[in-house]
Amino acid sequence: MTEQRFLHGQWSSRMAFILAASGSAIGLGNIWKFPYLAGDNGGGAFVIVYLLCVVAIGIPIMIAETMLGRRGRQSPINTMLSLAEEAKASPHWHYAGWLGVTAGFLILSYYSVIAGWSMAYILKVGGGFMEHASAATAQSVFLELKASPDIQAIWHTAFMVATMLIVSRGINEGLERATRVMMPGLLIMLVVLDIYAMTTGGFGQGMAFLFEPDFSKLSGASVLTAMGQAFFSLGLGMGSIMVYGSYLPDHVSIAKSSLVVAAADTLVALMAGAAIFPIVFANQLEPGMGPGLIFETLPIAFGKMPGGSLFGLVFFLLVFFAAITSAIALIEPAVAYLSENRGLSRAAAAWWSGLVCWALGLGTVFSFNAGSGATWFGKNFFELVDFLTADIMLPVGGILVAVFAGWIVKREASEAELEMGGAYGLWRALARYVAPFGVGLVFLRAIGIL
Ligand code: TRP
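Residues numbered from 1 in each chain as written. Predicted model: local features only at pLDDT ≥ 70, side-chain atom pairs only at ≥ 80, totals over all residues. Heavy atoms only, no water.

What is the right way to look at the overall build of the chain in this model?
Per the secondary structure count, the chain includes 18 helices and zero strands. For 450 residues, the compact-globule formula gives about 22 Å, and the C-alpha radius of gyration of the chain, at 21 Å, lands near that figure. Dimensions of the chain along its principal axes, counting C-alpha atoms only, are 65 × 45 × 40 Å. Counting the 450 residues in the chain, one finds 61% classified as buried. Counting contacts in the chain only where the partners sit at least 6 residues apart, residues at least 24 apart contribute 83% of the total. If you sum the accessible surface of the chain, you get close to 16200 Å²; carbon and sulfur atoms cover 68% of it. In the chain, 23 side chains carry a positive charge and 26 a negative one; their mean positions are 6 Å apart. (Helix = DSSP H or I, 4+ residues; strand = E, 2+ residues; numbered from the N terminus. Rg over C-alpha atoms; globule rule 2.2 N^0.38 Å. Buried < 20%, exposed > 50% of the residue type's maximum accessible area, 1.4 Å probe, protein only. Contact = heavy atoms within 4.5 Å. Areas by Shrake-Rupley, 256 points an atom, 1.4 Å probe, with all protein chains shown as cover. Lys, Arg positive; Asp, Glu negative; His and termini not counted. Charge placed at Lys NZ, Arg CZ, Asp CG, Glu CD.)

Shown next, in the form of structure tokens:
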């Protein structure tokens with residue numbers, strides 16, 4: 001099936017794909033989520049497990065998922081269906097596509113709320129309201145935002161509308177252009193923050209927290225969280241990278257591109273961690289303060305450094321851009337499916353999907369205030385959706401991708417698609433054995449069997 005059938009367009013170059021895939025990978029997961037999860041789970045040991053998962057499980061699955069996309073050239077649901085047909089396997093494999101589409105809706109629903117927080121912070125920090133802010137001020141500003149459902153709902157709506165405006169314009173027009181500008185900017189801002197962090201007096205302690213493992217702090221649940229974060233941060237297990245792969249021209253090396261994207265993603269997460277924990281320790285704060293971590297710490301830094309309000313404005317603007325390029329990836333599988341199978345225009349598919357995510361997102365908005373008492377298994381709405389997606393659906397989706405690519409797709413097919421020479425055997429072993437069993441092991445450990 002090498003003939004080209006681009007249903008939705010094609011990336012203009014290898015670089016365009018790498019930028020888009022990095023845009024999908026690098027987002028709130030790196031800047032907001034990784035630091036607070038590392039903080040909640042004791043630091044170093046969590047970070048090591050996370051890195052191991054990226055290398056041994058994440059990269060092979062990223063290659064597998066991209067490969068399936070390019071070979072199928074449709075939305076994840078239809079890709080799975082036609083590749084199963086090609087391999088004479090059960091059509092039930094297409095339910096893996098449905099699992100992914102569902103996970104994308106659920107993730108984007110809360111992702112948009114958090115992205116809304118960063119939009120609010122563009123004004124709060126950029127407007128100079130945090131100049132010379134103490135840790136206590138920074139904390140109370142954040143708590144105030146968390147306590148107001150109306151303000152969060154407004155920003156959540158604004159983020160969703162902005163995302164759907166870009167998605168409705170299609171892949172070359174919208175997605176590529178949006179990605180190309182923000183990546184270098186974000187990197188520069190993180191360097192500025194890292195340099196600031198070195199001057200805080202908490203640098204040594206921050207580095208020790210992040211990189212010196214204390215395995216006694218590692219529970220089965222933390223191991224699962226670390227693995228879930230590897231999937232989340234790389235953007236795997238729900239069809240994002242599969243659908244991006246479906247827009248990839250032939251003969252672009254999938255393995256090399258995946259390595260570049262995974263390396264960039266990991267670097268950005270570690271740079272964010274290296275910026276935040278020194279600030280935490282220099283201000284006698286707690287690393288385990290949860291989802292508010294970057295919002296309660298970074299404004300202190302911006303409040304103290306010269307030109308900080310401007311830096312802060314630029315930083316949160318870039319976080320917003322990073323979030324929007326990931327949000328696009330989260331909804332693209334659903335949009336591709338709706339326009340293939342339901343005959344909707346791209347724009348209609350985008351707006352209907354956006355509406356569903358928006359409504360679900362209100363559950364997250366209220367989970368931080370009026371609805372915080374509503375819990376399931378001890379988790380509020382946000383925590384429940386996060387757990388179900390990152391810790392369950394993405395790893396399960398990842399296993400399905402690995403098993404399908406490693407065991408169901410014919411060897412000739414994957415070998416021809418990947419064109420990776422001698423490294424093919426290594427990938428195949430990782431996809432067939434290491435990734436599925438690795439994920440399975442972590443699941444067993446989390447429920448206390450291992
Ligand atoms: N990787 C993005 C982040 O770290 C979010 C994201 C994009 C994602 N596509 C995904 C998460 C697919 C899980 C699955 O912010």
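Quick question: what am I supposed to make of the packing of aromatic side chains here?
In this description, an aromatic ring pair is defined by two values, namely the gap between the centres and the angle between the planes. This model, assessed by the stated rule, comprises 28 aromatic pairs. Here Phe315 and Phe316 contribute two aromatic rings whose centre-to-centre distance is 5.2 Å and whose plane-to-plane angle is 80°, an arrangement assigned as edge-to-face. Of the residues examined, Phe315 reaches a relative accessible area of 1% and is grouped as buried. On the basis of relative accessibility, which here comes to 0%, the residue Phe316 falls in the buried class. A network of ring pairs unites the aromatic residues Trp32, Tyr36, Tyr110, Trp117, Tyr121, Phe142, Phe295, Phe302, Phe315, Phe316, Phe368 and Phe382 as a single cluster. (Phe/Tyr/Trp six-rings, centres within 6.5 Å; stacked < 30°, edge-to-face > 60°.)

Please clarify how unusual backbone geometry should be interpreted in this entry.
Among all residues save glycine, negative phi is the norm, and among peptide bonds the norm is trans. Within the chain, Arg73 stands out as a residue other than glycine whose phi angle is a positive 55°. Residue position: Arg73 is located in the loop between helix H3 (44-72) and helix H4 (76-86). On the accessibility criterion, Arg73 (5% relative accessible area) is buried. For His132, which is not glycine, the phi torsion reads 55° and is therefore positive.

What is the right way to read the site of the ligand from this model?
Around the ligand, 17 residues are found, and the nearest of them are Ser24, Ala25, Gly29, Tyr111 and Phe232. Asn30 is positioned such that a nitrogen or oxygen atom in its side chain is 3.4 Å from an oxygen atom of the ligand. Its free accessible area being 360 Å², the ligand has 100% of it covered by the protein chains. Going through the elements one at a time, helix H1 (14-25), helix H2 (28-40), helix H5 (94-126), helix H10 (220-234) and helix H14 (308-341) are the ones with two or more residues in the shell around the ligand. Ranked by the residues each element gives to the shell around the ligand, the list is headed by H2, at three residues. In terms of residue class, the shell around the ligand is built from nine nonpolar, eight polar and no charged. (Near = heavy atom within 4 Å. Polar contact = N/O pair within 3.5 Å; in protein donor to acceptor, adjacent residues only side chain to side chain. Nonpolar A, V, L, I, M, F, W, Y, C, P; charged D, E, K, R; others polar.)

How do you make sense of the nonpolar core when you look at a structure like this?
Here is a general trend for soluble globular proteins: nonpolar side chains tend to be buried in one another's company. Of all hydrophobic cores here, the largest spans 160 residues; its most connected members are Trp32, Leu68, Phe315 and Trp427. Contacts of Phe315, omitting those with residues within four sequence positions, involve Ile31, Met189, Leu190, Leu193, Leu298 and Phe302. (Core = buried A, V, L, I, M, F, W, Y, C linked by side-chain atoms within 4.5 Å.)

Before we go on, may I ask you to explain the side chain of Thr163 in this structure?
Within the element layout of this structure, Thr163 appears in helix H7 (residues 149-168). What Thr163 contacts, discounting residues up to four positions off in sequence, is Ile324, Ala327 and Ile328.

I would appreciate a short explanation of the packing of H5 against helix H15 (residues 346-367) in the present structure.
A pair of packed helices can be characterised by two numbers: the angle between their axes and the separation between those axes. Following both chains from N to C, one finds H5 and H15 inclined at 60°, their axes separated by 7 Å at the closest point. One finds that H5 runs oblique with respect to H15. Between H5 and H15 lies a crossing of right-handed hand. Residues Phe105, Leu106, Leu108, Ser109, Tyr110 and Val113 of H5 form the contact with H15, whose participating residues are Ser353, Val356, Cys357, Leu360, Gly361, Thr364 and Val365. Here the residues of the contact of H5 with H15 sort into nine nonpolar, four polar and no charged. (Axes fitted to C-alpha atoms, helices over the stretch in contact; angles between N-to-C directions. Parallel < 35°, antiparallel > 145°, perpendicular 65-115°, else oblique. Left-handed = near helix turned anticlockwise from the far one by under 90°.)

Which parts of the structure should I look at to understand a nonpolar patch on the surface?
Judged by side-chain polarity, Leu441, Leu444, Ile447, Ile449 and Leu450 come together as a nonpolar surface patch covering roughly 530 Å² of accessible area. If you trace the backbone, Leu441 turns up in helix H18 (residues 424-446). (Patch = residues over 30% accessible without salt bridge, like charges linked within 9 Å, V, L, I, M, F, W, Y side chains within 5 Å. Salt bridge = Lys/Arg side-chain N within 4 Å of Asp/Glu carboxyl O.)

Would you explain H10 in this entry?
Helical geometry: 3.6 residues make up each α-helical turn, so side chains three or four residues apart lie on a common side. Taking 1.5 Å per residue, 15 residues should reach 21 Å; H10 reaches 22 Å between its end C-alpha atoms and fits that length. Positioned one or two residues after H10, Gly235 has a phi angle of 75°, which is positive. (Expected span 1.5 Å × (residues − 1).)

I keep staring at the confidence of the model for the chain and nothing clicks. Help me out?
In regions of low pLDDT, the predicted coordinates are not meant to be interpreted in detail. The predicted model of the chain has a mean per-residue pLDDT of 93, with 96% of residues at 70 or higher. When mean pLDDT is taken per element in the chain, H2 scores highest with 98 and helix H8 (residues 171-198) scores lowest with 80. (pLDDT = per-residue confidence, 0-100.)

Is there a simple way to think about the pattern of salt bridges in this case?
A side chain with one charge may pair with a side chain of the opposite charge, provided their charged atoms come close. Tallying each qualifying case throughout the model produces seven salt bridges. When the shortest N-O distance is used, the salt bridge between Arg73 and Asp250 registers 3.2 Å. Placement of Arg73 in the loop between H3 and H4 and of Asp250 in the loop between helix H11 (240-245) and helix H12 (254-282) is noted, with a sequence separation of 177 residues between them. A salt bridge links Arg411 to Glu415; its shortest N-O distance comes to 3.5 Å. Of this pair, Arg411 and Glu415 both sit in helix H17 (residues 411-418), separated by four residues, roughly a single helical turn.

Whenever I open this one, the packing of H5 against helix H16 (residues 381-408) confuses me. Can you help?
Contact pair H5 / H16: the axes reach a minimum separation of 10 Å and the direction vectors enclose 150°. Classified by the interaxial angle, the pair formed by H5 and H16 is roughly antiparallel. Handedness of the crossing formed by H5 with H16: left-handed. Contacts from Ala96, Leu99, Thr102, Ala103, Leu106, Ile107 and Tyr110 in H5 reach Phe382, Val385, Asp386, Thr389, Met393, Leu394, Val396, Gly397 and Leu400 in H16. Looking at the contact of H5 with H16, its residues break down into twelve nonpolar, three polar and one charged.

How do you make sense of the environment of Cys357 when you look at a structure like this?
Residue placement: Cys357 occurs in helix H15. In this structure Cys357 comes out as buried when scored by relative accessible area, which is 0%. For Cys357 and Ser112, which are 245 residues apart along the polypeptide, the C-alpha to C-alpha distance reads 8.5 Å.

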